[in-house]
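Okay, here's what each chain looks like letter by letter:
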Amino acid sequence: MNTPFESRTLVNGGMLKQFTGQSVSIMVRVESVAGSTLLGTSTDNQKLRINLPSELSAAQGSWVEVIGIPSAGDTIRAKEIIEFGGENIDFDVDSYNTMTQLLNNVQQFYRYG
């Protein structure tokens with residue numbers, strides 16, 4: 001049986017404070033991983049601290065999607081981490097930032113079509 005995705009909002013680092021306590025999804029470039037903590041940078045160059053649900057072997061410079069709950073402006077309690085194949089990914093941060101702004105500024109259009 002397939003489990004549906006939990007509702008979450010796609011954000012960038014500058015938006016985290018608006019979604020404290022709510023489920024979010026954010027793309028993060030890994031700076032370092034030590035134990036249960038990932039230090040990284042969001043697509044809009046915000047420094048973030050991610051509390052991991054389990055060990056992670058992501059390389060420095062790789063992109064990960066973090067699904068979790070922001071507890072402060074720069075900290076997220078992760079529920080899930082999705083790795084995207086290493087540091088050689090050509091990830092378009094400008095398009096991602098534009099998408100997060102669009103999705104969060106015209107929510108009614110996307111909810112009701």
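Residues numbered from 1 in each chain as written. Predicted model: local features only at pLDDT ≥ 70, side-chain atom pairs only at ≥ 80, totals over all residues. Heavy atoms only, no water.

Going by what an unreviewed UniProt entry lists, the chain is known as Replication protein A 14 kDa subunit and is assigned to Drosophila navojoa. Looking at the chain in UniProt, the text filed under Subcellular location (unreviewed entry) is "Nucleus". Taken verbatim from the UniProt record of the chain, the Sequence similarities (unreviewed entry) comment is "Belongs to the replication factor A protein 3 family." (UniProt positions renumbered as here; feature names shortened; annotations may be inferred.)

This part takes up the packing of aromatic side chains. Under the definition given, this model contains two aromatic pairs. Pairing Trp63 with Phe91 gives two aromatic rings, centres 4.8 Å apart and planes at 35°, and the pair type is tilted. Taken as a pair, Trp63 in strand E5 (residues 63-72) and Phe91 in the loop between strand E6 (75-83) and helix H1 (93-105) lie far apart in primary sequence, 28 residues in all. Of the residues examined, Trp63 reaches a relative accessible area of 5% and is grouped as buried. Between Phe91 and Tyr96, the aromatic rings sit 5.9 Å apart at their centres with planes inclined by 50°, giving tilted as the arrangement. Under the relative-accessibility criterion, Phe91 is labelled partly exposed at 25%. (Phe/Tyr/Trp six-rings, centres within 6.5 Å; stacked < 30°, edge-to-face > 60°. Helix = DSSP H or I, 4+ residues; strand = E, 2+ residues; numbered from the N terminus. Buried < 20%, exposed > 50% of the residue type's maximum accessible area, 1.4 Å probe, protein only.)

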